[in-house]
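Residue strings, one per chain:
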Amino acid sequence: IMSAVALDILPLKLHPFSQSTPTGLDCVGWKRRISFPVIADGALDKTALTDDVGSEEDLYEDFRSSNHRYGHPGGGGEQLAINELISDGSVVYAEALWDHVTMDDQELGFKAGDVIEVMDATNKEWWWGRILDSEGWFPASFVRLRVNQDEPMEDYPVKVDGGKEDDSSSGTRRFGMGQTTKDQMRTNVINEIISTERDYIKHLKDICEGYIKQCRKRADMFTEEQLKTIFGNIEDIYRCQKKFVKALEKKFNKDHPHLSEVGSCFLEYQTEFQIYSEYCNNHPNACMELSRLTKVNKYVYFFEACRLLQKMIDISLDGFLLTPVQKICKYPLQLAELLKYTNPQHRDFKDVEAALNAMKNVARLINERKRRLENIDKIAQWQSSIEDWEGEDVLVRSSELIYSGELTKISHPQAKSQQRMFFLFDHQLVCCKKDLLRRDILYYKSRINMDDMEILDVEDGKDKDFSISVKNAFKLHCRDNEEVHLFCAKKPEQKQRWLKAFENERRQVQLDQETGFSITEVQKKQAMLNASKQHHTGKPKAVTRPYYDFLMRQKHPTLPTTLPQQQVFMLAEPKRKPSNFWQNISRLTPFRK
């Protein structure tokens, strides 16, 4: 359908960084060009990048004014082809990569995995589509075109009365469909997995050799620390993916692709794919550093020269650096489609089924780690707001605020009761006292090591250890020295929430041990340093109570009207706007009176 047209390089444009999806890899939404490389051997001297600072601009102008043409696989022709199909009366379906949450009645909201009928794709960023009886605009970069466009839409289960899926005819479709047709469907998915993996390897190679290698030659422009911030561990990902694609190709049956058994490859590499966690966590820092550097022209020219020398498609560096983030969340979608066209009798069925669950777990794990790392900044800010802090930082042992609220603490020897605010983190319970006049200011009082404690539910009535009558009470009993802490909640439901929170705390600690989650010393120190800087900028430590209560009630911040940012991972929450300290705390825990 698409025609191949060789285009001259357009003049350099200073374009803002965005989170759009490069279509050259997997998704739709970027304007690409179709052309064939016709560069003469030796026409490009890659050592030119080692010239003096500023020569990149001259180098770029030489390229632009020359007669060379550069190969750009894919392109705007794809968008044209989609519109041609639509205008010819064909039905074009796309599958959602991310949730699109919107409050605009002109936009089409959907969940990851939803199938959308594309009705208009003339705009490269926003397409018009339909799901059941709902129509509206949606960001093109949030979807991927379905591999099997010839498959009828009815193959997807539809909602019937009661909200349940009607799959009464799915069995008929599965077994009534001609074997050849279903084999062809599976062949299409297998071919897509193999081809996109090869394309992905090419892009990773281009980044490592076209950008990182050249940047290392320019010690006058980049420090190693800067390169680590910009590119993260993408070289490790490249090495991992090279091994993975070799494993895939060994399992690929060229003569009969539908017989390929690729599920075992995903199972074999599921642990290694966890290296994406570090990359995804660093990606926002990479975008900020690139945004800072590209305010200086010499860096803009340098990066563009790197792209041209490597003959890469016309996407800015931040677009290329987004591709690993997108890749890890696309695997579950591909495997789900592969499983759909794999008969239960197929030798690959069980492995594909297990691989789908494994890759979903990898995506969830990466998403959870990203959330946890984002939380350490908020925890550091919380600690910096506490008066009279003593002892080690919270982040030395903890990285998650599980629960918080007011309790009455009863102490020996005279059964003295004290009203205190408690914050339950993984591994520790921090006790604070409210200021008598300004109740939103807290003073540090003590902490309890939760690793040594067991939780005891206390019945209403007289407690034999403290010789007093209690209600809605529970105890923390130290297994090492027999020390006992008695607490009382105001209401029975509050007590139950605390007991549930203690269970969650132990579960979180166990999960962290099983998955090997940890925060580096550098990350901890950086979080505390950032919190300290914010604390000394003159920001008020407390806000007025009415405003605080208002902030605590806010559930749905106003969504931007511009092109939304994609969620980094499947199942991720929509990205929120930056907020102040109290709003951050409200997101960390169900902080309720």
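Residues numbered from 1 in each chain as written. Predicted model: local features only at pLDDT ≥ 70, side-chain atom pairs only at ≥ 80, totals over all residues. Heavy atoms only, no water.

As recorded in an unreviewed UniProt entry, the chain goes by the name ARHG4 factor, listed as coming from Chauna torquata.

The next point concerns helix α10 (residues 317–340). Between its terminal C-alpha atoms α10 stretches 36 Å, which fits the 34 Å expected from 24 residues at 1.5 Å a residue. Along α10, the largest kink reaches about 30° and is centred on Cys329; proline Pro332 follows within four residues of it. With respect to burial, α10 is a largely interior element, 22 of its 24 residues being buried. (Helix = DSSP H or I, 4+ residues; strand = E, 2+ residues; numbered from the N terminus. Expected span 1.5 Å × (residues − 1). Bend = angle between axes of the 7 residues up to and from the residue. Buried < 20%, exposed > 50% of the residue type's maximum accessible area, 1.4 Å probe, protein only.)

Once that is clear, we can look at the confidence of the model for the chain. Residue-level pLDDT values for the chain average 75, and 70% of them are 70 or greater. Per-residue pLDDT stays below 50 along residues 152–179; that stretch engages in 25 contacts with residues further than four places along the chain or on separate chains. Counted against residues more than four places away or in other chains, residues 563–587, with its pLDDT under 50, gives 70 contacts. (pLDDT = per-residue confidence, 0-100. Contact = heavy atoms within 4.5 Å.)

Further remarks concern the packing of helix α8 (residues 276–293) against helix α11 (residues 349–385). Interhelical geometry of α8 versus α11 gives an angle of 45° and a closest axis separation of 9 Å. When the interaxial angle is binned, α8 and α11 end up oblique. The two elements α8 and α11 meet at a crossing, and its hand is right-handed. Two secondary-structure elements touch here, α8 through Tyr276, Ser277, Cys280, Asn281 and Pro284 and α11 through Ile366, Arg369, Lys370 and Leu373. Its residues placed into classes, the contact of α8 with α11 shows five nonpolar, two polar and two charged. (Axes fitted to C-alpha atoms, helices over the stretch in contact; angles between N-to-C directions. Parallel < 35°, antiparallel > 145°, perpendicular 65-115°, else oblique. Left-handed = near helix turned anticlockwise from the far one by under 90°. Nonpolar A, V, L, I, M, F, W, Y, C, P; charged D, E, K, R; others polar.)

Sheet strands line up and pair through hydrogen bonds in the backbone, either parallel or antiparallel. Here seven strands make up an open sheet; going across it, the order is β11-β10-β9-β8-β16-β15-β12 and the pairing antiparallel. Looking at which strands have only one partner, the edges of the open sheet turn out to be β11 (442–449) and β12 (453–458). Going from strand to strand, the sheet's axes swing by 35° on average, the running direction of each strand aside. Note that strand β15 (residues 473–478) and strand β16 (residues 484–488) share five bridges and pair antiparallel. (Pairing = 2+ DSSP bridges.)

Below, the discussion takes up helix α9 (residues 297–309). Over its 13 residues, α9 extends 18 Å from the first C-alpha to the last, a length consistent with the 18 Å expected when each residue adds 1.5 Å. Counting buried positions along α9 yields eleven of 13 residues, so the element is predominantly enclosed. Those residues of α9 lying buried are Tyr299, Val300, Tyr301, Phe302, Phe303, Glu304, Ala305, Cys306, Arg307, Leu308 and Leu309. Positioned one or two residues after α9, Lys311 has a phi angle of 55°, which is positive.

Let us now look at the pairing of strand β3 (residues 126–131). Summarising the sheet, strand β2 (residues 115–120) and β3 pair through three bridges and their orientation is antiparallel. Looking at the pairing, Asp120 lines up with Trp128 of β3. Connecting β2 to the next strand, β3, in antiparallel fashion are five residues. Pairing of β3 with strand β4 (residues 134–139) involves six bridges; the strand directions are antiparallel. Its bridge partner lying in β4, Trp126 is registered against Pro139. In sequence, β3 turns back onto β4 through a hairpin of two residues, with Leu132 there showing a positive phi of about 55°.

On to the pairing of β16. Side-chain direction in a regular strand flips from residue to residue, so the side chains alternate between the two faces of the sheet. The element β16 is largely enclosed, with a buried count of four among its five residues. Sheet topology note: the strand β8 (residues 401–411)/β16 ladder contains three bridges and is antiparallel. Bridged to Ile410 within β16 is Leu486. In sequence, β15 turns back onto β16 through a hairpin of five residues, with Glu482 there showing a positive phi of about 65°.

A few words on the environment of Thr187. You can see Thr187 is positioned in helix α4 (residues 179–216). Residue class for Thr187 comes out buried when judged on its relative accessible area of 10%. For Thr187 and Leu259, which are 72 residues apart along the polypeptide, the C-alpha to C-alpha distance reads 8.3 Å. Sequence-distant contacts of Thr187, defined by excluding residues within four places in its chain, comprise Pro257 and His258.

The next point concerns unusual backbone geometry. The backbone of His427 shows a phi angle near 80°, a positive value even though the residue is not glycine. Tracing the sequence through the fold places His427 in the loop between β9 (416–425) and β10 (428–434). When its relative accessible area of 17% is taken as the criterion, His427 is described as buried. Here the phi dihedral of Asn472 falls at roughly 55°; this positive angle occurs in a residue that is not glycine. Since its relative accessible area comes to 5%, Asn472 is described here as buried.

This paragraph deals with the packing of aromatic side chains. Enumeration according to the criterion identifies 26 aromatic pairs in this entry. Summarising the aromatic geometry, the rings of Phe222 and Phe303 are spaced 5.8 Å apart at their centres and angled 45° between planes, so their arrangement reads as tilted. With Phe222 in the loop between α4 and α5 (224–231) and Phe303 in helix α9, this residue pair connects regions lying 81 residues apart in the sequence. When its relative accessible area of 4% is taken as the criterion, Phe222 is described as buried. When its relative accessible area of 6% is taken as the criterion, Phe303 is described as buried. Between Trp382 and Trp389, the ring centres sit 5.9 Å apart and the planes meet at 85°, which makes this aromatic pair edge-to-face. The same class applies to Trp382 and to Trp389, which are both buried. Grouped by ring-pair contacts, the aromatic residues Tyr211, Phe222, Tyr299, Phe302, Phe303 and Phe320 constitute a single cluster. Lys242 extends its terminal NZ or CZ atom over the ring of Tyr238, reaching a point 4.5 Å from the ring centre. (Phe/Tyr/Trp six-rings, centres within 6.5 Å; stacked < 30°, edge-to-face > 60°. Lys NZ or Arg CZ within 6 Å of the ring centre and 35° of its normal.)

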